[in-house]
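Residue-level structural notes
Take a look at the letters that make up each chain.
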Amino acid sequence: MLRRKLLLGGGALLVASPVCARNAAQGATGSYAAFLAGVRREAVGQGVSASVVAQALAPLHVPNPRVLQADRHQPEFTLTWAQYKDRVLSEKKLNDGLAAIQQRAELLGRISRLYGVAQGAIAGIWGLESAYGTRMGTFSVIDALATLAYDGRRASFFRTELLKALHVVEQAGVAPAHMLGSYAGAMGQPQFMPSAYIRYAASYPAGGRADIWHNEGDVFASIANYLARCGWQAGQPWGEGVVLPDALEQSLLGRNHVRPLAWWEQHGVRPRAGEFDASVQEGAVIRPDGPEGEAFIVYHNFNVIRRYNPSDFYALAVGLLGDAIT
């Protein structure tokens with residue numbers, strides 16, 4: 001049976017001893033101050049106003065030990081697709097989603113039509129990323145990114161994101177103290193990294209500053225814009241469950257083995273319900289847990305969802321959750 005390693009954030013963290021954390025922070029204060037001074041110069045050199053940079057960095061004095069603990073002690077799980085599905089597509093997640101989408105159906109429909117992106121894809125991502133806007137993270141994004149840029153495993157990546165975050169403070173007009181997200185800097189209800197915010201965040205109605213923390217129109221528009229600009233094909237499904245003949249070899253399967261639907265039908269592949277969507281010409285069959293597990297035929301839009309998070313498990317969960325709640 002095939003298994004995937006999954007790092008789950010947001011759970012219980014191993015928090016350092018207050019004394020040890022304080023001593024380590026005190027020892028790093030001087031060099032951390034020099035690091036922040038360098039960030040300040042670079043951000044101003046990129047065009048961020050000095051007052052914005054000063055406001056954003058002023059509260060930072062030492063690396064955040066909670067961020068470092070979260071980064072270095074993520075619990076690692078080896079999950080099958082069936083186990084992952086049970087975790088993320090719980091009955092509560094489905095019921096909460098049905099209620100949330102029912103209350104926002106008109107807004108979601110308008111934005112779906114505007115961008116040509118399926119309601120289910122928008123809703124599925126919203127549900128997985130922040131539990132329908134209820135779990136965005138409680139870390140200061142500036143603090144978290146500065147800590148990881150100074151003392152993280154991918155310092156260069158996080159320094160770039162920190163500088164982008166300072167641009168976002170100015171661009172979005174959000175107070176740094178209200179710019180909350182995950183320990184790794186993913187922000188707001190769509191959990192955008194700062195670079196993704198700059199590239200994809202959108203306001204609805206258009207013309208304002210995108211508030212992905214509080215404004216659900218902006219949240220839905222930003223997710224839809226992300227998918228649209230990554231190549232979403234309007235009116236096309238992401239995929240569907242299929243039944244496979246026992247004789248079909250695993251070597252024929254996989255996301256990159258795209259073939260005409262007629263070819264799959266000739267080899268005994270059948271939808272679990274009804275017939276294949278007539279608007280789709282080709283797809284690939286995946287069976288994440290091997291011969292004993294569920295099988296799906298996935299289409300172009302499945303790969304677009306993977307642009308949001310490059311995981312087959314994630315894209316399947318988005319598709320299934322979105323279909324169920326919309």
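Residues numbered from 1 in each chain as written. Predicted model: local features only at pLDDT ≥ 70, side-chain atom pairs only at ≥ 80, totals over all residues. Heavy atoms only, no water.

**Some details on the confidence of the model for the chain**
For the chain, the mean per-residue pLDDT works out to 90, and 90% of the residues sit at or above 70. Long-range and interchain partners of residues 1–28, a stretch whose pLDDT sits below 50, account for 43 contacts in this model, where long-range means more than four residues apart. (pLDDT = per-residue confidence, 0-100. Contact = heavy atoms within 4.5 Å.)

**Comments concerning the packing of aromatic side chains**
Summed over the entire model, instances satisfying the criterion amount to 16 aromatic pairs. Between Y32 and Y150, the aromatic rings sit 4.9 Å apart at their centres with planes inclined by 65°, giving edge-to-face as the arrangement. Note that Y32 is positioned in helix α1 (residues 18–45) and Y150 in helix α8 (residues 141–151), a separation of 118 residues in sequence. Plain terms: the ring middles of W81 and F296 are 6.1 Å apart, the flat faces sit at 90° to each other, and that makes the pair edge-to-face. Placement of the pair is W81 in helix α4 (residues 81–88) and F296 in strand β9 (residues 295–298), with a sequence separation of 215 residues. The exposure class of W81 is buried, given its relative accessible area of 1%. Over the ring of F157 we find R154; its NZ or CZ atom is 4.7 Å from the centre of that ring. (Phe/Tyr/Trp six-rings, centres within 6.5 Å; stacked < 30°, edge-to-face > 60°. Helix = DSSP H or I, 4+ residues; strand = E, 2+ residues; numbered from the N terminus. Buried < 20%, exposed > 50% of the residue type's maximum accessible area, 1.4 Å probe, protein only. Lys NZ or Arg CZ within 6 Å of the ring centre and 35° of its normal.)

**A closer look at the nonpolar core**
Counting residues in hydrophobic clusters, the biggest one holds 87 residues, and the most contacted among them are I142 and M179. If near-sequence neighbours (up to four positions away) are discounted, M179 is found in contact with F139, S140, V141, I142, A165, V168, V169, V174, M187 and W213. Of all hydrophobic cores here, the second largest spans 13 residues; its members include L244, L253, L261 and A295. (Core = buried A, V, L, I, M, F, W, Y, C linked by side-chain atoms within 4.5 Å.)

**Brief notes about the pattern of salt bridges**
If you walk through the whole model with that rule in mind, you get ten salt bridges. The salt bridge involving R159 is made with E42; its shortest N-O contact spans 2.9 Å. Note that R159 is positioned in helix α9 (residues 155–172) and E42 in helix α1, a separation of 117 residues in sequence. Across the salt bridge formed by D151 and R72, the nearest N and O atoms sit 3.0 Å from each other. Here D151 is found in helix α8, whereas its partner R72 is found in helix α3 (residues 65–72), with 79 residues between them in sequence. Here R72 falls in the partly exposed class, since its relative accessible area comes to 44%. One continuous salt-bridge network, built from bridges that share partners, spans K85, R272 and E294. (Salt bridge = Lys/Arg side-chain N within 4 Å of Asp/Glu carboxyl O.)

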